[in-house]
Amino acid sequence: MQTAKLTLGEQTVELPTLEGTEKELAIDISALRAKTGYITLDQGYANTGSCKSEITFIDGERGILRYRGYDIEDLASQATFPEVCYLLIYDKLPAPQERENWRKQLTQHSLVHESMLNFFQHFPPTAHPMDVLSAMVAALPAFYPDENDIHLDIIRLIAKTKTLVAIAYKKSIGEPIVYPKSDYSYMANFLRMMFATPAEPYVFSKTLEDALNLLLIIHADHEQNCSTSTVRMVGSSHASVYASVSAGISALSGPLHGGANQEVLEMLEAIRKEGSATKKYIAKAKDKNDGFRLMGFGHRVYKNFDPRAKLLKKSCDAVLAELKIDDPLLNIAKELEEAALQDSYFVERKLFPNVDFYSGILYRALGIPTNMFTVMFALGRMPGWIAHWKEMRDNPQERIHRPRQLYVGSPQRPFLPLGERK
Ligand code: ACO
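The model shown is predicted, which means the values in this text are computed figures rather than measured ones.

Cut-offs used in this document
Residues numbered from 1 in each chain as written. Predicted model: local features only at pLDDT ≥ 70, side-chain atom pairs only at ≥ 80, totals over all residues. Heavy atoms only, no water. Axes fitted to C-alpha atoms, helices over the stretch in contact; angles between N-to-C directions. Helix = DSSP H or I, 4+ residues; strand = E, 2+ residues; numbered from the N terminus. Parallel < 35°, antiparallel > 145°, perpendicular 65-115°, else oblique. Left-handed = near helix turned anticlockwise from the far one by under 90°. Contact = heavy atoms within 4.5 Å. Nonpolar A, V, L, I, M, F, W, Y, C, P; charged D, E, K, R; others polar. Pairing = 2+ DSSP bridges. Patch = residues over 30% accessible without salt bridge, like charges linked within 9 Å, V, L, I, M, F, W, Y side chains within 5 Å. Areas by Shrake-Rupley, 256 points an atom, 1.4 Å probe, with all protein chains shown as cover. Salt bridge = Lys/Arg side-chain N within 4 Å of Asp/Glu carboxyl O. Buried < 20%, exposed > 50% of the residue type's maximum accessible area, 1.4 Å probe, protein only. Near = heavy atom within 4 Å. Polar contact = N/O pair within 3.5 Å; in protein donor to acceptor, adjacent residues only side chain to side chain.

## Section: the packing of helix H9 (residues 206-218) against helix H17 (residues 355-366)
Working note: a packed helix pair is described by the angle between its axes plus the distance between those axes.
Alright, step 1. It is at 11 Å that the axes of H9 and H17 come closest, and there the two elements cross at 150°. Taken together, the axis directions place H9 and H17 in an arrangement best described as roughly antiparallel. Helix-helix and strand crossings are classified by hand; for H9 and H17 the assignment is left-handed. Contacts from Leu208, Ala211, Leu212, Leu215 and Ile218 in H9 reach Val355, Ser359, Leu362, Tyr363 and Leu366 in H17.
Alright, step 2. Of the residues in the contact of H9 with H17, the class split is nine nonpolar, one polar and no charged.

## Some details on the sheet that holds strand S6 (residues 70-71)
Alright, step 1. Taken together, the three strands give an open sheet; going across it, the order is S4-S5-S6, and neighbouring strands pair in antiparallel fashion. Unpaired on one side and paired on the other, strand S4 (56-59) and S6 mark the two borders of the sheet.
Alright, step 2. Pairing of S4 with strand S5 (residues 64-67) involves four bridges; the strand directions are antiparallel. Of the residues in S5, the one forming a bridge with Ile58 is Leu65.

## Focus: a nonpolar patch on the surface
Alright, step 1. Side chains of Leu41, Leu406 and Val408 sit close together on the surface and give an oily, nonpolar patch of about 350 Å² of accessible area.
Alright, step 2. Looking at the element boundaries, Leu41 is found in the loop between helix H1 (32-36) and S4.
Alright, step 3. Overall, Leu41 belongs to the exposed group, its relative accessible area being 60%.

## Here we look at the site of the ligand
Alright, step 1. Around the ligand sit 20 residues, and of these Lys288, Arg293, Leu294, Gly296 and Arg300 come closest.
Alright, step 2. Here an oxygen atom of the ligand sits 3.0 Å away from a polar atom, N or O, in the side chain of Asn354.
Alright, step 3. Coverage of the ligand by the protein amounts to 74% of the 920 Å² it exposes when considered alone.
Alright, step 4. Residues belonging to the shell around the ligand are distributed by class as follows: ten nonpolar, five polar and five charged.

## Focus on the sheet that holds strand S2 (residues 11-19)
Alright, step 1. With antiparallel pairing, the three strands of this open sheet are ordered in space as S1-S2-S3. In the strand order of this sheet, the two ends are held by strand S1 (3-8) and strand S3 (25-27), each with one partner. Geometrically, the sheet is characterised by an average inter-axis angle of 30° between neighbouring strands, direction not taken into account.
Alright, step 2. Examined bridge by bridge, S2 and S3 share three bridges and lie antiparallel to one another. Along S3, the bridge assignment pairs Leu18 with Ala26.

## Observations regarding the pairing of S4
Alright, step 1. Covered by surrounding structure in S4 are Thr56 and Ile58 together with Phe57 and Asp59, the residues of both alternating faces.
Alright, step 2. Connecting S4 to the next strand, S5, in antiparallel fashion are four residues, including Gly63 with a positive phi near 65°.

Here it is as structure tokens:
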């Protein structure tokens, strides 16, 4: 590979370049400060590679998303979510026996320690289920002390998160919790724990199961996004996988990241209340003096289309047709999408509907309430976080993550005794 030459006044330094599997190019600047005294400044890390990774490939310009080399479209149409978990974490699609063992292990570890239910009793009813989930995942190692068995930790995280999510939901609506059943699959167990009641078993259709499978698969990983970078950052201090993933859940809760699908529905509801005021909201989004953004539009990486949004739109149509749902919010969503896609502001900035625009609509159709949307995202992202944590910890060259900064604060100043301060 050629080297990059950087000239700073009289000094010219040569920096090695690197090429990834898909011909992505990088300049290795790790020795820059030692050679020149300069750091690189890249607010929001928009142009900074924080690691080498073998897990997920994204080409934002061409709308490509692959997990471990497999196209998202193939995985979404042919794989189950637990298979995708295995693929992301262990870098192979499970062979029949591996798949069976994986299924059994995930089922066996679905129960959470009975004492953990005490925590759930004491969260106030107003607690956001995302805050509850983050706290409960952080609490898991207290109940399952370190046995130095990473595979067991991984199984526990994948198996128990769905139970924790379902308990958080049941508690938030004041219904008794439903325990997992050992002869049920991951998806069937989850749906049953969410929607069955002691009086009513939950009967779900294949279309709904497929839609949920799709939702979890398309959320399973997205390379170095905010929450995954958080997991890697926290894990780089050799914090446990539980602590690292819990931090990832907190990062995901922000409205600019995982919280966006909830915000989409809240925005649609606000538009409905104001009498389908689509035009007004488009104008607000374009007004630079107004902090409002069209939620569910735009993406840091995808600049032509989001392949996940494409898959979800199709599933959305299938679910809505089967359930014969006529939802005013869906009509507003369609109007908004059409208006934005024809508006030069959105076209010039390449602002297209992202995954969150449709996932909120689909969750709503599945009967999942708005405050659970981000929690569902966390459930799907769990294998991605774990895969990145594991990749980092398995790499002997990984160092603690510690970025630099450009200090622009006050120069040194003398300390003022209290009487001299104004
Ligand atoms: N509505 C209106 N204008 C927007 C929007 C939006 N949703 N998104 C970006 N823009 C505008 C910006 O104001 C900016 O305009 P300018 O060039 O005139 O200043 C331009 O488009 C570029 O936007 P940036 O903020 O630089 O884009 P960035 O890559 O930093 O942000 C983000 C990406 C956070 C997703 C942004 O598009 C956004 O806030 N969208 C709404 C929130 C959302 O849907 N988030 C979910 C993201 S997907 C996920 O996390 C799974």
